[in-house]
Amino acid sequence: MSQLKKTRSRIHLFSGALIMLLLALGFNALLTSATLEKLYVETFISKNNVVAKDLQRNLETALRFGKSLDKFIGMDKLIQEARQHLNPGDITGKPVPNRSGSESDIVISITRPDGFIVYSSASDLVGTQLPEPVRLTGVKDKTEASTTYSVKHKEIYYLSLPVKGGFTKKWVATVTVAFSQTQVKALLRDVMVKNLKLIGLIIICGILQIGALLKSVTLDHQTSDKVIKRIRFKVSITLFCVITLSQIIFSLFNLIEFRTHYLEISSEKSAVMSKLLKQDIEYLLTKGISIRRLVKMDQTLADVIAVSPELEGITISDNHEKPLYIATQHGMENLTSPEKNKKQENQIQPLKRNPGYFIDQNLINTRKFKSGIREGVLTIHISKEFLYNKLKEIALDSFTVLAISIFFFVELLILELQLVQRQLTAAPQIKKARIHYATIRPVAFMFFFGVDICISFLPLHMETLYNPAQPIFGLSKNIIMGLPISMQMLFTSISLLISGAWCDKRGWAEPFLIGLSLAGAGFLFAWLAPSSIYFLFALGLVGMGYGLSLMAAQGFVIAHTTTNNSAQGMAQLWAGVYAGSICGGAAGAMLADRIGYAPVFLVGGSILLLLIVYSLLMMKDAMTRPESDKKIDQAAQAGQTDALPKASVFKFLFSRKVFTLIVFYGLPWYIVLVGFMNYYSPIYLKSIGTSQSNIGRIFMIYGICLMYLAPFLSKLIGRTEDKKRYLIIGSFIGSLSIANFYFFKEMSGVLSVTISIFLLGLSACLIPVRSAYVLDFDITKQLGGGKAIGVLNAVLRLGQVTGPILFGWLFITMGSDSGIAVTAAAYLIFTMIFVLVG
């Protein structure tokens, strides 16, 4: 190999590695920035909420004493004081533009229940209406006073609290605090500048490492297979270490940055709260009320504590640091007042003052002297445990982002290793090697990345296109919002049947490329769709293309594997599918927050159309006519058409082995998978107080099993002749997952669901064996492998449809515990029948 060719090969490999590093870091930065924006918004809302609740409490007190909302003397003063306490300049140092575009502070408004603005810190808003999407609706008299509503509308965040008037506690007004996204963007801009500097440093270090690696690699087309494997291993380990370490450093940096911000904002929030309380108490002291006779002060402190989980407690002490009033997070029994102190003199203990976690405010009485005299001390105790738990949640979010970005990188690494293999075996004098089945994995990853990039907001985009004046077939809005998913799934089911027969007749390449074209065009039409009807048509195209390409990808595996390694090939395919689905769904949701729903369809369509180019370049050697088709033509020419017996779909489905596989193995497994994991588990986890983020993390376990365990297990068992044994093992593991939840959920609901999801994932790892098992049947060979798998997949989708319905019916008629028990028992019985009859 000439020196020029070696240099060119190294340049190609270096360029690929550098692009992979940039893509991995860019993907991480996209996910991280979206997570940080969400967290920063939460901190702003949390701080503004303190002032809004104080204003709400003051208004409710005044209305209880007979004041009228329309003629509320002193309202402007209350609003201005609240506005001063917010003081956004302390955080960003920059003013915030209001609705009219001029520069102003945060806008505080008091509105009627219908959204009509009665008072506002921005005088030009008085007499106008709040935008309809941000108005409160359906607030009931029994709604807790602590309930806060927040919504974003046109780059403005609105924080709303209902105000209950008089002793009837009817909803009479709303406190609304509006602040611009500019504040959050100012913080993110600072973080982004630091991130760019860090990324630049990481790239420089990565370039040096990758350059050193490639310089040490001997690139020679005469190299043996053993040496090629050693080079691939060396390249993969080095790139994995360099890029993974880079992403860990990047994620840790952002985690530390946010931790600093969160602690600062928590301290500011506590300081604002202490100032508000100090102001209220000193007002009472100036009226001549003794600090020892502040009526219901312990209850007032308890009300503040109830809506401030970051506080451990609040204490009001006299000048000798003897507690007079104490309220803590542990409930009403921990309220303390001077009256209770007299009865329990030796039992009252002051709260522990942890250094750095308390704020003292001297309570000054200015009634007799202008300079005032100190009557006592107000102490705010910040909860170390709450802050620790909150930071732990943030760390988990950062870890999740890191994990998803590593999934993305690993798939890119597999693609890069295939390019390395191509460089090392590209000698013209060497005969072209057989296309490896693992080639499909990065293709499946990119395919599902593009398809699922819009999965998280299809109903939401349909809602933006919905026109109530022109409803589709008179259907309600809620039903219409679900139509895009139904339309896509309907055409997917149809195209799965078409694609299987097409693959057998013409090969996998045509349906795959045409499917990509249809799906890509569908996404472009969805981007341009002016109405819901056009959007549904676009999603129908996507569904048709999706089914064609998905089945054709399985056709590729069938065409390039044997009975010994077909399970491994299917496992590699589904590993790429789940990696693409996880990464695409996460990236799409975060892109939608920045650029809106419609442009994300353009991104997805572009990825699918570019995948056509990649497939033509990287997989053209595999785009050949199937051997079975050639044999049929030869037999027809020789007049021997009866020499190759054919089976009908009916005969295939009702053959003993296929029928028992469907009824006693496939359908029960899909019913349990979709019914328990996708339907019941989220409802149950939500009912026991599990956050949506943690629910998402638990569900990721299933995908991780299919991404990394399935290829490994399939390689171990793929060469065995008795594949049914492993299907039975997988079915037993599936029934064990339900039994585990039934017996151990009382010990720890979250842990039992997590273990059950893992067991379902482990059971799913053996699903690729199912295709290999079916492909061994004589009836499958007569029908055609692709057509058989397509028909089988279409029939098994009935289990996905009936799973939620069946689970819902069982729980309604029998209750959740009995329903779970019956499901586990029925699944086990069906498995035993499959063992005996299949």
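Residues numbered from 1 in each chain as written. Predicted model: local features only at pLDDT ≥ 70, side-chain atom pairs only at ≥ 80, totals over all residues. Heavy atoms only, no water.

Next up on the list: the pairing of strand S10 (residues 358-365). The alternating pattern of S10 places Ile359, Gln361, Leu363 and Asn365 on a buried face and Phe358, Asp360, Asn362 and Ile364 on a face that is not buried. Relative to strand S11 (residues 373-382), S10 runs antiparallel, the two being bridged by eight bridges. Paired with asparagine 365 across the strands is isoleucine 373, a residue of S11. (Buried < 20%, exposed > 50% of the residue type's maximum accessible area, 1.4 Å probe, protein only. Helix = DSSP H or I, 4+ residues; strand = E, 2+ residues; numbered from the N terminus. Pairing = 2+ DSSP bridges.)

This part is about the confidence of the model for the protein chain. A residue-level look at the protein chain finds 84% of positions with pLDDT of 70 or above and a mean pLDDT of 78. Ignoring residues within four places in sequence, the model shows residues 427-433, a span with pLDDT below 50, making four contacts including any to other chains. (pLDDT = per-residue confidence, 0-100. Contact = heavy atoms within 4.5 Å.)

Glancing now at the sheet that holds strand S3 (residues 107-111). Here we have five strands laid out as an open sheet, ordered S4-S3-S7-S6-S5, and antiparallel in their pairing. Strand pairing shows two members of the sheet lacking a second neighbour, strand S4 (117-120) and strand S5 (149-153), which therefore form its edges. Neighbouring strand axes in the sheet, compared pairwise and without regard to direction, differ in orientation by 25 degrees on average. Bridge analysis of S5 against strand S6 (residues 156-165) gives five bridges, and the strand direction is antiparallel. Bridging across to S6, lysine 152 finds its partner in tyrosine 157. (Axes fitted to C-alpha atoms, helices over the stretch in contact; angles between N-to-C directions.)

Within the open sheet, the four strands sit side by side as S9-S8-S11-S10. Their pairing is antiparallel. At either margin of the open sheet sits one strand with a lone partner, and together these are strand S9 (323-328) and S10. Within the sheet, the average angular offset between the axes of one strand and its neighbour, ignoring direction, is 15 degrees. Examined bridge by bridge, strand S8 (residues 311-317) and S9 share five bridges and lie antiparallel to one another. Bridge pairing in S9 places isoleucine 316 opposite tyrosine 325.

Under the counting rule described, the total for this entry stands at six salt bridges. Residues lysine 269 and glutamate 310 are paired through a salt bridge, measuring 2.8 Å at the closest nitrogen-oxygen approach. Of the two residues, lysine 269 is situated in helix H4 (residues 225-286) and glutamate 310 in the loop between helix H5 (297-306) and S8; the sequence distance between them amounts to 41 residues. Both residues of the pair, lysine 269 and glutamate 310, count as buried. Close ionic contact of glutamate 282 with lysine 278 constitutes a salt bridge, the shortest N to O distance being 2.6 Å. One end of the pair, glutamate 282, and the other, lysine 278, are both in helix H4, four residues apart, so they sit about a helical turn from each other. Here the two residues glutamate 282 and lysine 278 agree in accessibility, since each one is buried. (Salt bridge = Lys/Arg side-chain N within 4 Å of Asp/Glu carboxyl O.)

Time to look at the nonpolar core. Counting residues in hydrophobic clusters, the biggest one holds 155 residues, and the most contacted among them are Phe447, Phe535, Phe652, Phe676 and Tyr702. Of the residues forming this core, the biggest block, 15 residues, is contributed by helix H17 (residues 656-687). Ignoring anything within four residues of it in the chain, the contact list for phenylalanine 652 reads Val658, Val774, Ile779, Thr780, Leu783, Ala788 and Val791. Counting residues in hydrophobic clusters, the runner-up holds 66 residues, among them Met75, Ile79, Tyr157 and Ile316. (Core = buried A, V, L, I, M, F, W, Y, C linked by side-chain atoms within 4.5 Å.)

Let us look at empty space enclosed by the protein. Rolling a probe over the atoms, with the probe sized like a water molecule, indicates the empty space that remains. The tally for this structure, following the rule as stated, stands at seven cavities of 30 Å³ or more. Reported here for the second largest cavity is a volume of approximately 120 Å³. Among the elements of the structure, helix H1 (3-64) and H4 are those that each provide at least two residues to the lining of the second largest cavity. Here the lining of the second largest cavity gets six residues from one element, more than from any other, and that element is H1. Within the lining of the second largest cavity, the residues separate by chemical class into six nonpolar, three polar and five charged. (1 Å grid on protein atoms, 1.4 Å probe; cavity = no way out; pocket = protein on both sides within 12 Å on 5 of 7 lines; lining within 4 Å. Points joined across faces, edges and corners; volume = space filled by probe spheres on them. Nonpolar A, V, L, I, M, F, W, Y, C, P; charged D, E, K, R; others polar.)

The subject of this paragraph is the side chain of glutamate 310. Residue glutamate 310 is classed as buried on the basis of its relative accessible area of 5%. Looking at glutamate 310, its side chain comes within polar contact range of the side chain of lysine 269, at 2.8 Å. Contact partners of glutamate 310, with chain neighbours within four places excluded, come to Lys269, Met273, Ile382, Ser383 and Phe386. (Polar contact = N/O pair within 3.5 Å; in protein donor to acceptor, adjacent residues only side chain to side chain.)

Examined against the element boundaries, glutamine 568 turns out to sit in helix H13 (residues 566-595). Judged by relative accessible area, which is 5%, glutamine 568 ranks as buried.

Where H13 contacts helix H14 (residues 597-618), the axes come no closer than 7 Å and their chain directions differ by 130 degrees. Our classification of the angle between H13 and H14 gives oblique. Relative to H14, the crossing made by H13 is right-handed. For the pair H13 and H14, the contacting residues are Gly588, Leu591, Ala592 and Ile595 in the first and Tyr597, Pro599, Val600 and Val603 in the second. A per-class count over the contact of H13 with H14 returns seven nonpolar, one polar and no charged. (Parallel < 35°, antiparallel > 145°, perpendicular 65-115°, else oblique. Left-handed = near helix turned anticlockwise from the far one by under 90°.)

This part takes up the packing of aromatic side chains. In the structure shown here, the tally under the stated rule is 29 aromatic pairs. Measuring from ring centre to ring centre gives 5.9 Å for phenylalanine 445 and phenylalanine 449, while their planes differ by 50 degrees; the resulting arrangement is tilted. Of the two residues, phenylalanine 445 and phenylalanine 449 both sit in helix H8 (residues 440-451), four residues apart, roughly one turn of that helix. As far as burial versus exposure is concerned, phenylalanine 445 and phenylalanine 449 are alike and both buried. Between tyrosine 773 and phenylalanine 777, the aromatic rings sit 4.8 Å apart at their centres with planes inclined by 80 degrees, giving edge-to-face as the arrangement. Accessibility classification places tyrosine 773 together with phenylalanine 777 in one group, the buried group. By the ring-pair criterion, three or more aromatic residues cluster together here, those being Phe27, Phe408, Phe445 and Phe449. (Phe/Tyr/Trp six-rings, centres within 6.5 Å; stacked < 30°, edge-to-face > 60°.)

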